[in-house]
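Results of the structural survey
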Amino acid sequence: MRFQRGVLFAFLILVTQMGADWPQFRGADTTGVSADKLPTRLAESIRWTVDLPGRGLSGPIVVGNQVVLTASSGFSQDRLHVLSFDAKSGKLQWERQFWATGRTLCHEKMCNATPTSASDGKRIFSFFSSNDLICLDLKGNLLWYRGLTHDYQNASNSLGMSSSPVVVGDTLVVQVENDSESLAVGIDVETGENRWKLDRPIAANWTSPLVMTGANPADSVVVLQSSKGLQAVEPHSGKTKWTYDKGCSTIPSATVANGVVYVPSNGLTALDLRTKEGGPVEVWNSGKLGPSTPSPIAIADKVYTVGGAGVLSAADAKDGKSLWQLRLQVKLEDRTSGGQFSATPVAADGHIYLFNEEGVGLVINTAGEKGEVVSTHDFKEKILASPAISNNALYVRSDRHLWKVSN
Amino acid sequence: MLKRVVLFVGLSACLAGESDLLQAADVAPLLKTIRAVSSEGKGNREAAQAFQQLAKSGPETLPTLLAGLDGANPLAANYLRNAIEAISDRAISQKGKLPVKEIEAYLADTKHDSRARRLAFELLVANDPANRDRLIPGMLNDPSVELRREAVARVISQGNDEFDADKKDVATATYRKAMAASRDDDQVKLLKQKLEELGEKVDLPTHFGFLMTWRLIAPFDNTAGKGFNVEYPPEKELDYTKEYEGKGGESAKWAVHTTEDEYGIVDIAKALSPFKGAVSYAAAEFESDKDQPIDIRLGTPNSWKVWLNGKLLFAREEYHRGMSLDQYKMRGTLKKGKNTILIKVCQNEQTDSWAQRWQIQLRVCDPTGTAILSADRASKSSAAGAGGD
C-alpha cells in the first residue's frame, strides 16, 4: 500500500510538472489548450518585455522557470540563436549561437527561426528551417548537433520550412518534407542518432506532427500530416499504426481532443480514433470550416478555425454543425486591423487567445452562445508565432520582443 | 560533522583543480574526437563526452579551440563554438582573463577559418567593447563576410556624411571604396543607388561575377517531370553545331544568348520559347589562368543539375519555390585553361501565373563572394556588347 501511494504520489508530481510546462508547439499534448487561468485583459497584464536578436517566428516554450525560444540573424539568416529567459523576471539566463549547416533561404515572410523548439524537461531541442537540430541541456550546454540537410542534402524548401518537432518519451520526431527529398525521423533524445527514418511524400509541407497522448509514452502515437493524408506512427519504432489517405492541408496542422482528430482535409474533417481496431473513422466533414494558416483548436465540445478572411468559426465537435462566426476585426485609433492570421491560437479557461499578423491580440470568450471579444491589445509588431501558456502566464513573441502576460 | 565538511571542501577543491588541469596537450585528443562527428549522428556520443570535458576547461584553452575550428566539418564546428562560448561566458562573468593576445593573433591571421575569426572578434568585443571600433575599420577587405560587412557599413556611413556635407567628389570616392569591398546584396544595392545619384556607373555583372553569355538549347521532353532523370544528348556530348529532335518533334539546336540583366538572370522562356514540360540546357565556357577552387552559385526557380567539366556537382528537383541570389552554393575546381559549366534547367507543366519562370542566374566566386572572372571576360564583353563572362 505504501509502495502504491508512493507511485501515485510520484505520478501526481510528474503530471503536475508536465502540466505546468509548455514544452513544444501547442503545449505538451499539442492541443494548444491549457488548464491555466490567464488574464483576459492583455494591455493591463504585461509583466515584462525583453528584446530579442535577429528574427524569429518560432513560438516560446516553457520548461520549469525557463522560457526558451530561437532566433536567426545575419544577412543570410545563417546565425542561429537559442535563448533562455527567467520566466519570473524576464532576465536572459543564457544565449547560445550556432552556424547553420543547411540552406537558409526563406520567403521574406518567414525566417530561419520558424519551427518551435521542444523539450523533454531535461533537454531542449531547437530546430530551424535550415534543418539544423540542436540539443542542449537546460544550462545551454550542447549535448548533440544534427544537420538534417547536411545528412540528406536535398531536404530543404526554398520558401522555408516550419514544421516543429515533438518529443514523446525518449524519441524526438522531426518532419522534413519538401518537393525534392522528404523524410521523418525518430531521434534518440540521448544521443541524437536515428531510431528510424521514414520516406515521406515528395511535396512541400509545413505542418507539424500531432501527438495523441496515451496512458504512457508507449501508448502514444505521433500523427504525420501531408498532402497525401495522415500517417500515425509509434514514436519509438516508427512503425505505422494507421493511415488516412484522403489528402490534407500542407499548412495548418491537425489537432486532437478526446480521441478525435480534427484534420484540415477538404475543409475540416473529424476522425474518431476510439475504435476497437484503432484506425480512423470519419465522423463528419465540413467544407465551411477550412482553416487558413493557423491550426484548428478544440475546446470542450467545440472546435474552432480561423478562415482566410479573418473569421473565427465555431462548430459542434460532435457533428461539425456551425454554431457561430465572429469577424476578427479590431478598430484601432488609426485603422481597422484584422484579416491575416498566421499564429495558431491557444486557449485557457474557455478563452481563445488570437494574434493577427499586425500584432493585435484578441481574447475571445467562448462560454456563451456566441463568441465575444473580451479585450484587444495592439502589440504594434508583426506576430506570427503561436504563444505559450505556463503557470497562469501567456508568453507572446514577435521578431523583436518577448512579452509575459499574467495576473 | 566536521569530517563531512572537510570532505566536501576537499572534494570541491579536487573538482575545481580537475577543470584547471586541462591543458593544451589534454585538449588535442578531445578536439580530435569532436572533429570526428559526422552524418546521421555518428560520433555524437563520443563528442558529447569530449565536449563536457572541454567546456569545463579554463580560458587558456580558447586559442587551441579556435585553431581547432580550422578545417572542422560544419557539425564539429558547432560543438567547438558552443564550448568556446561556454568557457568565455564563464570567464567573463567570473571576471577572469581571456588570453586576449593569442585570440587577437588568431583574428589577425586571415588564413584561419573565417567564421572562427569572427567568433574570435566577438570574444574580444565581449571582453572589451572598445575593440569593435579599434578593429573593424581595418577589415574592409577581410575574408570574413561578417567582419567585412561591418567595415563596409562604416564606410557607407562616412560617405553619407560627406554627401550631406556637399563633398560630392569625396563621397563618390568613399562609396566606390565601399562598393569594391561590399559582398552582401543589400549593401551593394544601396551603394549602386548612391553612386548612380552621383552620376557614376556601376557594373554589377562584373562586381558579382555573373556569367552573362550562354549557349542554350531546348526543348527536350519533361512531361510529368520525367525528363529530369533522362540523359539527353547535351549530357553526353557538348557539340554546339549539333541539332537534335526535341519534344514533340521540335528541332533543338544551340543558340548563343547574352543577357543584359544586371543581375545576370538568363530568361530561357524569353530567349528561346516559353515551353512547358520541357528540359533546356545552358552551357558556358570559363577561361581560368590557373588551377583554383571556386564557388559556383546558382539561383533558379526550376529543377536543375550542374556539371563542371563533365562532373556533376549537384542536382535538385524543386519547381517554383522562389529564386534568389546565391540560392545554391557548390564547390568545384577550375583547371587552368578552358572550363565548361553545363546546367540542365527543367520547366514543369504548372499553368499558374507564378509558375512560368524558367530562369537561371549563375556566378563564379570565392567563398567570401568575391567575383572570379573568366580570363577572357573583357574580350567577350566587348564582343557581346555588355557584361561578358
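Residues numbered from 1 in each chain as written. Chains lettered and ligands numbered in written order. Predicted model: local features only at pLDDT ≥ 70, side-chain atom pairs only at ≥ 80, totals over all residues. Heavy atoms only, no water.

1. Description of the overall build of chain A
Looking only at helices and strands, chain A has two helices and 35 strands in total. Projected onto its principal axes, the C-alpha coordinates of chain A cover approximately 55 × 50 × 50 Å. Burial analysis of chain A (407 residues in total) assigns 64% to the buried set. Once local pairs closer than 6 in sequence are excluded, the contacts in chain A between residues at least 24 apart make up 53%. Total accessible area on chain A is roughly 15300 Å²; 50% of this is exposed by carbon and sulfur atoms. Considering chain A, the positive charge centre built from 39 side chains and the negative charge centre built from 40 side chains are found 3 Å apart. (Helix = DSSP H or I, 4+ residues; strand = E, 2+ residues; numbered from the N terminus. Buried < 20%, exposed > 50% of the residue type's maximum accessible area, 1.4 Å probe, protein only. Contact = heavy atoms within 4.5 Å. Areas by Shrake-Rupley, 256 points an atom, 1.4 Å probe, with all protein chains shown as cover. Lys, Arg positive; Asp, Glu negative; His and termini not counted. Charge placed at Lys NZ, Arg CZ, Asp CG, Glu CD.)

2. With respect to unusual backbone geometry
All names here are of chain B. Omega for the peptide link from Ala218 to Pro219 comes to 0 degrees, which places this bond in the cis form. Positionally, Pro219 belongs in strand E1 (residues 213-221). Residues other than glycine seldom take positive phi values, yet Asp166 does so here, at roughly 65 degrees. Position of Asp166 relative to the elements: it lies in the loop between helix H9 (145-164) and helix H10 (168-181). Among the residues examined, Asp166 registers a relative accessible area of 56% and is labelled exposed.

3. Structural notes on the interface of chain B and chain A
Counting residues at the interface gives 40 residues for chain B, matched by 39 residues for chain A. Of the roughly 3400 Å² buried at the junction of chain B and chain A (both faces included), carbon and sulfur atoms supply 48%. The three residues of chain B that bury the most area against chain A are Glu40, Asn78 and Arg321 of chain B, which together make up 20% of that side's buried surface. At the junction of chain B with chain A, the criterion picks out five salt bridges. Between Arg45 of chain B and Glu193 of chain A there is a salt bridge, with the nearest N and O atoms lying 3.0 Å from each other. Elements with a contribution of two residues or more to the side of chain B that touches chain A: helix H3 (44-55), helix H5 (74-93), helix H7 (114-127), H9, helix H11 (185-197) and strand E9 (311-316) of chain B. In terms of residues, the side of chain B that touches chain A owes the most to one element, H5 of chain B, which gives ten residues. When grouped by side-chain class, the residues that make up the side of chain B that touches chain A number 14 nonpolar, nine polar and 17 charged. (Buried area = accessible area lost by both parts, 1.4 Å probe. Salt bridge = Lys/Arg side-chain N within 4 Å of Asp/Glu carboxyl O. Nonpolar A, V, L, I, M, F, W, Y, C, P; charged D, E, K, R; others polar.)

4. Let's talk about empty space enclosed by the protein
Residues and elements named next belong to chain A. Following the criterion strictly, the structure yields two cavities of 30 Å³ or more and no others. Considered class by class, the residues forming the lining of the largest cavity number three nonpolar, two polar and four charged. Taken as a whole, the second largest cavity spans an internal volume of roughly 30 Å³. Taken together, Phe127, Asn131, Met161, Ser162, Ser163, Gln175, Val176, Glu177 and Asn205 make up the full set of residues lining the second largest cavity. Residues that form the lining of the second largest cavity fall into these classes: three nonpolar, five polar and one charged. (1 Å grid on protein atoms, 1.4 Å probe; cavity = no way out; pocket = protein on both sides within 12 Å on 5 of 7 lines; lining within 4 Å. Points joined across faces, edges and corners; volume = space filled by probe spheres on them.)

5. What to know about the environment of Gly248 of chain B
All names here are of chain B. When you line up the elements, Gly248 lands in the loop between strand E2 (243-245) and strand E3 (251-253). Taking the relative accessible area as the measure of exposure, Gly248 reaches 84% and is therefore exposed. Here the alpha-carbon distance between Gly248 and Phe220, two residues 28 residues apart in the chain, equals 8.6 Å.

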